[in-house]
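Here's the letter readout for the chains.
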Amino acid sequence: MNVMSNRPRRLESYVSGQWVAGAKDGVPLLDASTGAPVAFIDSTGVNFKAALVYGREKGGPALRRLSFHERAAMLKALGQALMERKEEFYTLSTATGATRADSWVDIEGGIGTLLSYASKGRRELPNTRVLLDGDVELLSKDGTFSAQHILSPLQGVAVHINAFNFPCWGMLEKLAPTLLAGVPAIVKPASQTAYLTELMVRRVVETGILPEGALQLVCGSVGDLLDHVEGQDAVTFTGSATTGRRLKTHKAIVENSVRFTMEADSLNAAVLGLDAAPGTEEFDLFVKEVAREMTAKGGQKCTAIRRVIAPRAFSEALIENLRARLGKTALGNPTDEAVRMGPLASLDQREEVRARIRDLSADAEIVAGDPDNPSVTSGDAVAGAFLNPVLLYCDKPGSARAIHDVEAFGPVSTVMPYDTAEEAVDLALRGKGSLVASVFTNDPAFAEEVVLGLAPFHGRVMIGNRVSAKSSTGHGSPLPGLVHGGPGRAGGGEELGGMRGVKHYMQRTAIQGAPTLLSAVTGRWMPGAEARAGGEHPFRKSLAELKIGDQLITATRTVTLDDIEHFANFTGDTFYAHMDDEAAKANPFFDGRVAHGYLIVSFAAGLFVDPAPGPVLANYGVDNLRFLTPVNPGDTLQVQLTCKEINPRANAEHGEVRWDCNVTNQTGATVAQYDVLTMVAKTRE
Ligand code: NDP
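A brief look at the structure comes next.

1. Structural notes on the pattern of salt bridges
Stage number 1. Following the criterion strictly, the structure yields 42 salt bridges and no others.
Stage number 2. With a shortest N-O distance of 2.8 Å, R658 and D675 are connected by a salt bridge. You can see R658 sitting in strand β26 (residues 654–664) and its partner D675 sitting in strand β27 (residues 670–681), a full 17 residues away along the chain.
Stage number 3. Three or more residues are tied together by salt bridges with common partners; here these are D623, K644, R658, D660 and D675.

2. Structural notes on helix α1 (residues 48–64)
Residues three or four positions apart in an α-helix share a direction because the helix packs 3.6 residues into each turn.
Stage number 1. Along its 17 residues, α1 runs 23 Å from first to last C-alpha, staying within 8% of the 24 Å computed at 1.5 Å per residue.
Stage number 2. The largest bend along α1 measures about 30° and falls at G55.
Stage number 3. All of the buried residues along α1 are F48, A51, L52, Y54, G55, R56, G59, G60, A62, L63 and R64.
Stage number 4. Backbone nitrogen of K49 and a side-chain oxygen of the N-cap are separated by 3.4 Å at the start of α1; the cap is N47.

3. Details of the sheet that holds strand β6 (residues 131–138)
Stage number 1. In spatial order, the strands read β6-β7-β22; together these 3 strands make up an open sheet with antiparallel pairing. Edge positions in the sheet fall to β6 and β22 (506–513), since each has one partner strand and no second. Ignoring which end each strand starts from, the neighbouring axes of this sheet average 20° apart.
Stage number 2. Running at roughly 15° to strand β7 (residues 146–153), helix α16 (residues 515–522) makes contact with β6, β7 and β22 of the sheet.

4. Let's talk about the packing of helix α2 (residues 68–84) against helix α4 (residues 100–124)
For any two helices packed against each other, one specifies the crossing angle of their axes together with the interaxial distance.
Stage number 1. With their axes 8 Å apart at the nearest point, α2 and α4 run at an angle of 155° to one another. Between α2 and α4, the angle falls in the class roughly antiparallel. Handedness of the α2/α4 crossing: left-handed. Across from H69, A72, L75, K76, L78, G79, Q80, L82 and M83 in α2, the residues of α4 making contact are E108, I111, L114, L115, Y117, A118, G121 and R122.

5. Quick look at the site of the ligand
Stage number 1. If you check the shell around the ligand, you find 24 residues, and the closest are N162, S191, S240, A264 and C302.
Stage number 2. Between the ligand and the protein, one listed contact pairs an oxygen atom with a side-chain N or O atom of S191 at 2.5 Å.
Stage number 3. The protein chains hide 79% of the 860 Å² of surface that the ligand would expose on its own.
Stage number 4. Sorting the residues of the shell around the ligand by element identifies β11 (234–238) and α7 (241–248) as the ones contributing at least two each.
Stage number 5. If you tally residues by element for the shell around the ligand, the top one is α7, at 3 residues.
Stage number 6. The residue makeup of the shell around the ligand, split by class, is 11 nonpolar, 8 polar and 5 charged.

6. Quick look at the sheet that holds β27
Stage number 1. The sheet built from 5 strands is open, its strands ordered β23-β25-β26-β27-β24 with antiparallel pairing. Each edge of the open sheet is held by one strand with a lone partner, namely β23 (551–558) and β24 (616–627). This sheet shows a mean twist of 25° between the axes of neighbouring strands, independent of strand direction.
Stage number 2. Strand direction decides the pairing type here: strand β25 (residues 636–648) and β26, joined by 10 bridges, are antiparallel. Within the sheet, the bridge partner assigned to Q638 lies in β26 and is T664.

7. Some words on the environment of A21
Stage number 1. Within the secondary structure, A21 is located in strand β3 (residues 18–21).
Stage number 2. The spacing of A21 and G279 is 258 residues in sequence and 59 Å in space, taken between C-alpha atoms.
Stage number 3. With near-sequence residues (within four places) excluded, A21 lies in contact with R10, L11 and E12.

Cut-offs and rules
- The residue numbering used here restarts from 1 in each chain and proceeds along that chain's sequence as written.
- Local features in this predicted model are restricted to residues whose pLDDT is 70 or higher, and side-chain atom pairs enter the listing and the counts only when it is 80 or higher, whereas totals over whole chains, interfaces and linings include all residues.
- Neither water nor hydrogens contribute to the side-chain values; these are computed over all heavy atoms in the structure.
- Any carboxyl oxygen of Asp or Glu that lies within 4 Å of a side-chain nitrogen of Lys or Arg is treated as forming a salt bridge with it.
- Each helix corresponds to a stretch of at least 4 residues labelled H or I by DSSP, and each strand to a stretch of at least 2 residues labelled E; elements are numbered beginning at the N terminus.
- To estimate how far a helix should extend, the number of its residues minus one is multiplied by 1.5 Å.
- The bend reported for a residue corresponds to the angle between axes fitted to the seven residues ending at that residue and the seven starting there.
- Accessibility here uses a 1.4 Å probe with only protein chains present; expressed as a share of the type maximum, an area under 20% marks a residue as buried, one over 50% as exposed, and anything in between as partly exposed.
- Under the rule applied, a polar contact is a pair of N or O atoms within 3.5 Å (in protein, one hydrogen donor and one hydrogen acceptor; residues adjacent in sequence only if both atoms are side-chain atoms).
- Here, strands pair whenever DSSP counts at least two bridges between them.
- With axes taken as lines fitted to C-alpha atoms, and helix axes fitted only over the stretch in contact, angles between N-to-C directions fall between 0 and 180 degrees.
- Any two residues having at least one pair of non-hydrogen atoms within 4.5 Å are treated as being in contact.
- We call two directions roughly parallel when the angle between them is under 35 degrees, roughly antiparallel when it is over 145, roughly perpendicular when it lies between 65 and 115, and oblique otherwise.
- By definition, any crossing whose near helix is turned counterclockwise from its far helix by less than a right angle is left-handed, and any crossing with a clockwise turn is right-handed.
- If even one non-hydrogen atom of a residue comes within 4 Å of a molecule or strand, that residue is called near it.
- Note on areas: these come from Shrake-Rupley sampling with a 1.4 Å probe, and a residue is covered only by the protein chains present in the view.
- Residues are grouped as follows: Ala, Val, Leu, Ile, Met, Phe, Trp, Tyr, Cys and Pro are nonpolar; Asp, Glu, Lys and Arg are charged; every other residue, Gly included, is polar.

All quantities given are derived from atomic positions and should not be read as evidence of function.
Rendered as structure tokens:
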């Protein structure tokens, strides 16, 4: 289907494996700059209950059959395929009012999030279908009853209800962790810009990369879909607080304890430091950041700076600088290359923002911009949803209400003065919980006081100064590896945050039992579980032959004083506890000279290594190394090395093997405990 023709199209939903149009002609969606119809949207007649069942029965099992690494590879392939088609998305994106720079955040930022999850998933998750959470909890003295927390994918569908401002990123930033977790999704974009999401989903479906049922799309109202959500489903919402609250208290969501994540209004603050006077680099950076946040995407960003908190003495200079900078922002049709800021998403949206500016005016005066008379360099000033940036100033922010309460979702910010760091924090917290705040300072003491004051009320706090200016990702950019979401007014939700975001779609379960049975469930050997010693050295076995629990009990080696002296002189580590008997005895932990911890580790390797070339390719580190009992000259070491976890790498000839390494002395006491990490070939040569 040619979705790029200039004729307005009827958008379709992709449900139960088919593209379906709504039963009615639909509501027209208008180009934000010209007012010309781009598409019609309607979902009447879509069988939402069947879509949920289809996701649960078809998409879920197909995704759960794949390991984390296989799902990560799928996300990578998808990201690459979409990146190849990006120009098509850019072209359509101008209708939403987005400039090329705005669209970059939405389109390439979204695809980049897929790719980032793909690579993080492969690096940070095991190649399994279940995740372990935390360490083994020992529940009995004799070690026969223990527990391990695990995370397994929910068996329902994630319903993602998205906002109009990021039709691509909004979908992909939620989809990436959902699919990596092994959970299918139904995406419902906001109607206003759904044509861009629909185009991207068409391209996704055409690639055939995702298993059938993993991704469905609803263009238009979700009808009775939420009536049918169940306890294994999850619903995420980005949009207005009013809608969010309505959905959060939806009967089926409440009755079935459906996981509900909400990202709503946020009156994000930026604080200029008391040290950042006009003329400092931090002052200039602050001006640039505030102006950028007001104008990027026409200020229609959930993370945009709404409240500008500045030292009273610098406020006048700040307003002057902002006024000059904002005045140079060319407003117009984003198809025009000279344009720096496009229109708002719709005329309705502009009316909404104008009304909110009127609310803000109860507390604050407009010091830059005229909300009612747009001045445009291109585009239709009557039919297009244009609005120049509007800066307000509130002289008494401590007693004002509207400026801490009202979100004008457009190019609108309010400057508010403060006198002390404590007051700056107090003003920021009046936003009642936000997605992000930023602090521009070069003073460590100010940074500490303000950032720690802001942290409990924010999902992210960015510190800006001269050192990070070039590399900083900025106040307004949510990043795949960092938490996105905020408490209180911001909705109380949390998204992204690297692998934290994946776990939102998984159930944490404490599994209790005997170690052998726990190991069978988790796929990871643990102390006390059955092991197989004797037979071939486990380093001779390929990944295909090696089994969890394969064990080597080594020969013994006695540590002599000569060994300790030799090691000390050879390495240069002549710390007194190894060299001076008297001084060592005076130390509360030792009873005379002791062997170096690294000597123990080296001797242990000497005991367990099988030297000939074979399937073990490399030792790439140790984890959790602890020295538990001092080793004195004359003590005899022995190692128990057990295959703990096997992770075959997808698309590679090798995998990672984690070995439990327990070094004991002649009494059986553990002197050192750690995990040895090796790369092992999948097959023998
Ligand atoms: P809405 O809350 O109206 O819509 C958000 C999403 O919810 C859309 O996909 C919308 O679909 C959907 N929706 C609306 N009603 C229902 C319902 N009863 N059942 C299921 N889904 C529903 O917000 P808007 O996008 O219209 O924006 C309005 C305001 O929200 C903005 O002016 C701004 O203040 C705020 N906003 C905040 C954002 C943030 O991240 N902080 C992001 C975007 C907006 P449909 O479009 O089809 O109605």
